[in-house]
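Per-entry structural report
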Amino acid sequence: MANEKGLNFIEEIVEKDLKSGKYQQIITRFPPEPNGYLHLGHAKSICLNFGLAKDYNGKTNLRFDDTNPITEETEYVDSIKSDVRWLGFEWANELYASDYFDQLYDFAVDLINKGLAYVDDSTSEEIALQKGTPTKHGTDNKYRNRSVEENLKLFEEMKEGKYKDGAKVLRAKIDMKHANMLMRDPVLYRIKHAHHHRTADKWCIYPLYDFAHGQSDAIEGVTHSICTLEFVPHRELYDWFIEKLEIFPSKQYEFARLNMTYTMMSKRKLLLLVNEKHVNGWDDPRMPTISAMRRRGFTPESIRDFCERIGVAKRDNLIDFGLLEFCVRDHLNKIALRRMMVLDPIKVVITNYESGKEEFLPSENNPEDDTAGSRNLPFCNELYIERDDFMENPPKKYFRLFPGGMVRLKSAYIIQCDEVIRNASGEVEELRCTYFPESKSGSDNSGLKVKGVIHWVSAKHAVPAEVRLYDRLFNTEDLGAIEDDFTNHLNPESLKVQHAYAEPELVNAKAEDRFQFMRIGYFCMDLDSTKDKLVFNRTTTLRDMWSKEQKKA
RNA sequence: UGCCCGAUGGUGUAACUGGCAACACGCUUGAUUUUGAUUCAAGAAAGUCUAGGUUCGAGCCCUAGUCGGGCAACCA
């Protein structure tokens, strides 16, 4: 059982249903349509549905809502399965709405026999017109009163392929004046002579969502059918089918979908970003898809933690992107190995260190994890340090390197900057420093006290690497509030590629390995990485009080 | 001129179902630190959309408003 306190409203319902004996065991389902990749919003739903089953000893089915063959593909089916597994969940059964096409057809015939469905020859425009508006009643048409026999024959002929796409539909016969527009004789079946990813060319008529989803739930004995708020008005129809068809009474419950700052969470729009090449595919690390987040270096644990923290309720929400960052940092801090990487180098020459000499200095792999061990860093008289770890005219409270100043090189020695060398255009090109041999890490008896510790790599041993620095894909905080084309809000600087110098240990990394590049951020080795060209994606930066301090000034 | 949801610090979620609003993120300040990270400590921040009502007592119940969101795809 979950915690005694702080249950969300769905957990409350489940507990009540279990306690009252209404159900011995709960069954939930995660029902994606295979027409795109899963995103963070789906992760919320996955964690909810699978989490419920896990907490209350139930089962969760993975059911593909594949009733529209035009937009659905097996590529999407495969990606969805892989993403759910990666997130750490296993389904009880892998199912498809298309598994039920025969039964759904029988349900439709049953409705016709009961006088509750009819074949309509109207065009979609006519149907839309007759439907009225939210404030205006709809009107009956002449097809509404066809006899059961005629409807049976026509529907059969629809199935046989006697009619062209759009020529006829099967509709429920409910009430064209109903206040809920979904109850105004909703379309149940449409004709589509299309190849289906699973049933191939067996069918040329396909049920719509409303006639497939609830019945699929009923067939599977789903006890709690959990979906997002936009389906609230569908619930009345959902219940109507259950009643008229006399099938298992699944119950639908709705929660508010996830919205996040600077993030677009619509499958349709994400598809457009992919198709129009605003990003490099569904798993471009800037995308909010699960596969992209994986590639970027997020961990399943951190995503689950995030979903836990945002909670489940019915009011509209806009989650701060910073919460997600907090969750990854929190996890990565504990597990990511520390490495040193210089993104924007300045060369440092240590004038009092013998030029042919090199030594190997141990450095812990992860101070948060005693079992992580250490590796040896090569050290010599030529190093690279980060360009902004040096300032000629430092502001107050700057405690990195400046002319005449001292810093510690992490896991190595304290150095002092003696001389600044510029190139022709006046840029700082090289720093001449002296080191203090007695200040060696681990055996420091120099008596020197420095505030700053900076990262570095040996210029002679460093290996070049490509580093991909990602920023938010959009510049606008609340994309739900915009009126214009969302592509106007893309951040042109969402990706910066930088050539960097890595400590040599990094050549042993494998794709998807995650690291903390000390004082810079968390990074993940990209799939594109090769032995000759290391590539890392920045998952997120480290928290940075110094930049905050500077902004104040 | 309809129907359906919703409303608690900046953000998100709680509040033993009527007993003087809690947790997390963020923010501020300080300590520790060979990552300006982490960690630790302290603090600011809502009187629960409004107005009535019931009650000894209301964020929780009732009434009427206000505001926000959704509903007119042969999409899901």
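In this report, we go over the structure that sits alongside the text. (Residues numbered from 1 in each chain as written. Chains lettered and ligands numbered in written order. Predicted model: local features only at pLDDT ≥ 70, side-chain atom pairs only at ≥ 80, totals over all residues. Heavy atoms only, no water.)

In this model helix H6 (residues 148-160) runs 18 Å from its N-terminal to its C-terminal C-alpha over 13 residues, within 8% of the 18 Å that 1.5 Å per residue would give. Within the span of H6, buried status applies to Asn 151, Leu 154, Phe 155, Glu 157 and Met 158. Taken down its axis, H6 places every buried residue within 160° of arc, on the same side. Relative to its buried face, H6 has exposed residues pointing more than 90 degrees away, namely Glu 149 and Glu 160. Among the structural elements, helix H4 (101-113), strand E4 (117-120), strand E5 (169-172), strand E6 (187-191) and strand E7 (205-207) are those in contact with the buried residues of H6. (Helix = DSSP H or I, 4+ residues; strand = E, 2+ residues; numbered from the N terminus. Expected span 1.5 Å × (residues − 1). Buried < 20%, exposed > 50% of the residue type's maximum accessible area, 1.4 Å probe, protein only. Arc of directions from axis to C-beta. Contact = heavy atoms within 4.5 Å.)

A few words now on the side chain of Asp 66. Mapped onto the secondary structure, Asp 66 falls in the loop between strand E2 (59-64) and helix H3 (74-86). Despite its burial, Asp 66 pairs with no opposite charge; the closest candidate is Arg 198, at 5.2 Å N-O. Of the polar contacts made by the side chain of Asp 66, one reaches the side chain of Ser 98; its length is 2.6 Å. Look past the residues within four positions of Asp 66 in its chain and what remains in contact with it is Pro 34, Glu 72, Tyr 96, Ala 97, Ser 98, Phe 101, His 196, His 197 and Arg 198. (Lys, Arg positive; Asp, Glu negative; His and termini not counted. Salt bridge = Lys/Arg side-chain N within 4 Å of Asp/Glu carboxyl O. Polar contact = N/O pair within 3.5 Å; in protein donor to acceptor, adjacent residues only side chain to side chain.)

We now examine the sheet that holds strand E10 (residues 337-339). Strand order in the open sheet formed by seven strands is E10-E23-E24-E25-E21-E22-E11, and the pairing between neighbours is mixed. The open sheet has two edge strands, E10 and strand E11 (341-342), and neither has a second partner. Pairing geometry for strand E24 (residues 521-525) and strand E25 (residues 534-541), over five bridges, is antiparallel. Paired with Cys 524 across the strands is Asn 537, a residue of E25. Across the sheet, helix H12 (residues 321-335) is in contact with E10, strand E23 (514-517), E24 and E25; its angle to E25 comes to roughly 125°. (Pairing = 2+ DSSP bridges. Axes fitted to C-alpha atoms, helices over the stretch in contact; angles between N-to-C directions.)

Neighbouring RNA strand B are 66 residues; Arg 338, Arg 400, Ser 441, Gln 516 and Lys 548 lie closest to it. Sugar plus phosphate, as a fraction of atoms of RNA strand B within 4 Å of the protein: 60%. Contact distances for RNA strand B include 2.9 Å between a base nitrogen and a backbone N or O atom of Lys 397. At 2.7 Å, a side-chain N or O of Lys 410 approaches a sugar or linking oxygen of RNA strand B. Put simply, the parts of the chain that give the surface near RNA strand B at least two residues each are helix H5 (124-130), E6, helix H11 (300-310), H12 and helix H13 (545-552). Here the residues of the surface near RNA strand B sort into 25 nonpolar, 18 polar and 23 charged. (Near = heavy atom within 4 Å. Nonpolar A, V, L, I, M, F, W, Y, C, P; charged D, E, K, R; others polar.)

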